Amino acid sequence: MLLRIRRDAGEAAVSDVSDRLRLAGLAVHRTDQEGQVRLAAVGQGATLDWDEVRRWPAVEAAEPILAPFPLASRTFHPADTVITVGRCAVGSAQLALMAGPCAVEGEQQAFTIAAAVARAGATVLRGGAYKPRTSPYSFQGMGEEGLRILRRAADAHGLALVSEVLDPQQVGLVASYADIVQVGARSMQNLSLLREVARAQKPVLLKRGPAATIEEWLMSAEHVLANGNRQVILCERGIRTFENHTRNTLDLGAVPVVQELSHLPVLVDPSHGTGLRDKVAPMARAAIAAGADGLLIEVHHDPDHALSDGPQSLHPEQFEELVRQIRPIAAVLGRTL
Ligand code: PEP
Ligand code: MN
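Notes on the structure follow. (Residues numbered from 1 in each chain as written. Chains lettered and ligands numbered in written order. Predicted model: local features only at pLDDT ≥ 70, side-chain atom pairs only at ≥ 80, totals over all residues. Heavy atoms only, no water.)

Before going further, it helps to examine the overall build of the chain. Looking only at helices and strands, the chain has eleven helices and 14 strands in total. Relative to a compact globule of 337 residues, whose C-alpha radius of gyration would be 20 Å, the chain shows 21 Å and is just as compact. Reported as C-alpha extents along the three principal axes, the dimensions of the chain are approximately 65 × 45 × 40 Å. Across the 337 residues of the chain, 54% fall into the buried class. Here the contacts in the chain between residues at least 6 apart in sequence split such that 69% fall between residues at least 24 apart. Accessible surface, the chain: about 13900 Å² in total, of which carbon and sulfur atoms supply 52%. Positive and negative charge centroids in the chain, built from 34 and 38 side chains respectively, lie 1 Å apart. (Helix = DSSP H or I, 4+ residues; strand = E, 2+ residues; numbered from the N terminus. Rg over C-alpha atoms; globule rule 2.2 N^0.38 Å. Buried < 20%, exposed > 50% of the residue type's maximum accessible area, 1.4 Å probe, protein only. Contact = heavy atoms within 4.5 Å. Areas by Shrake-Rupley, 256 points an atom, 1.4 Å probe, with all protein chains shown as cover. Lys, Arg positive; Asp, Glu negative; His and termini not counted. Charge placed at Lys NZ, Arg CZ, Asp CG, Glu CD.)

As structure tokens, this is what we get:
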């Protein structure tokens, strides 16, 4: 249920309402919108008599939240959520440009690419130190040494850092280096991982699972929100379909759908979404035109020798050109880079 609290009710009244809901076995989450306190009462608590609740003096209205993901829904929080990371306000009018290698491979590689993407206008460096590879014989990532390198490379160029976490036990370590912890597509429904990243209290980049519906994706976001972390950034990265000309089928239709259902920002990753270098720019432009809050893009200075995802990585000059192309598209939509 969503409870709107009377504007003239004081903090003591808000606490009182919250306590009474908790006593009924419900979890209470608060959001403030344009000066009004809104409480979501969620969970399987003992049934309350909601008509009685509506008569509580501080309660202006109580209405059911119909979405199965109440905290991620616009019913609970109508305004867009904006998540500030370094120089970037994800979900604001300013588009979030996150770029970098699929995986960190060494000092020189990370610094060269960080310099290039920063020069082009990115504000967040991406790079995996723990890689979820389809084959156990592929490069699995540099681990903590890689995180150390990424952090230094990001700092040297005024960038924030997003990096993937694979294992619930790694969350503390990854969160101590990265500004945003990435939950990869393969991990979208790893519930113990979602609970751990919620505890880390760092923004979470939650990729859509390759076979997940939009509702399942938002339910995964709900796990993070319900565990006390409101800073969830969604990322569409393509889903598995019968089509095999592209690595995945980039579902750009998900962008406006998610934006209607949820207040959370949504990015698009056209690199994994297509798997093909020459298809990244057109789909990145389309993503911005569709209203995405930003992009996550793989860039490598020597993609032919990249240890992972070389074929979908842009050369730095291609990334720079892409940013140039996006600027006027963003402007039409009243957004900036
Ligand atoms: C990545 O971002 O490098 C990655 C592994 O992406 P995904 O989880 O979308 O496959
Ligand atoms: Mn990759």
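A few words on the side chain of Ser 18. Assignment of secondary structure puts Ser 18 in helix 1 (residues 11-23). Not counting chain neighbours up to four residues away, the residues in contact with Ser 18 comprise Val 28 and Leu 39.

Further remarks concern the packing of aromatic side chains. Under the criterion given, the structure shown has zero aromatic pairs. Over the aromatic face of Trp 56 sits the side chain of Arg 20, whose NZ or CZ is 4.0 Å from the ring centroid. (Phe/Tyr/Trp six-rings, centres within 6.5 Å; stacked < 30°, edge-to-face > 60°. Lys NZ or Arg CZ within 6 Å of the ring centre and 35° of its normal.)

What follows concerns the pairing of strand 10 (residues 180-183). Going residue by residue along strand 10, you find Ile 180 and Gln 182 tucked away on one face and Val 181 and Val 183 tucked away on the opposite face as well. Two strands pair when backbone bridges link them, and strand 9 (residues 160-164) and strand 10 are joined in this way by three bridges, in the parallel orientation. In the strand pairing of strand 10, Ser 163 is matched with Val 181. Handedness of the crossover joining strand 9 and strand 10 through helix 5 (residues 171-177): right-handed. Sheet topology places strand 10 next to strand 11 (residues 204-207); three bridges connect them, and they run parallel. Counted as the bridge partner of Val 183 is Leu 206 from strand 11. Crossover connection from strand 10 via helix 6 (residues 191-200) to parallel strand 11: handedness right-handed. (Pairing = 2+ DSSP bridges. Right-handed = clockwise from strand over helix to strand, strands pointing away.)

On to the coordination of the manganese ion (ligand 2), then. Binding of the manganese ion (ligand 2) to the protein goes through Cys 102 (SG), His 272 (NE2), Glu 298 (OE) and Asp 309 (OD), at separations of 2.0 to 2.4 Å. Sequence spacing among the residues donating to the manganese ion (ligand 2) works out to C-x169-H-x25-E-x10-D. Separated by 170 residues along the polypeptide, Cys 102 in the loop between strand 7 (96-100) and helix 3 (107-120) and His 272 in helix 9 (residues 270-274) bring together distant segments of the chain. Considered together, Cys 102 and His 272 belong to a single accessibility category, that of buried residues. (Donors = N, O, S within 2.8 Å, 3.2 Å for Na, K, Ca; no water.)

This brings us to the pattern of salt bridges. Counted according to the given criterion, the structure contains 24 salt bridges. Between Glu 107 and Arg 152 there is a salt bridge; the shortest N-O distance is 2.9 Å. Within this pair, whereas Glu 107 is found in helix 3, its partner Arg 152 is found in helix 4 (residues 144-156), the two being separated by 45 residues in sequence. For Arg 208, the salt bridge is made with Asp 251, and the minimal N-O distance between the two is 2.8 Å. (Salt bridge = Lys/Arg side-chain N within 4 Å of Asp/Glu carboxyl O.)

Another aspect to go through is the site of ligand 1. Residues in contact with ligand 1 amount to 13 residues; listed here are only the nearest, Arg 126, Lys 131, Ala 185, Lys 207 and Arg 237. In the environment of ligand 1, an oxygen atom lies 2.9 Å from a nitrogen or oxygen atom belonging to the side chain of Gln 182. Taking Glu 298, its side chain carries an N or O atom lying 3.4 Å from an oxygen atom of ligand 1. Within the complex, the protein chains bury 97% of what would otherwise be the 300 Å² of accessible surface of ligand 1. Class assignment for the residues of the shell around ligand 1 results in three nonpolar, three polar and seven charged. (Near = heavy atom within 4 Å. Polar contact = N/O pair within 3.5 Å; in protein donor to acceptor, adjacent residues only side chain to side chain. Nonpolar A, V, L, I, M, F, W, Y, C, P; charged D, E, K, R; others polar.)

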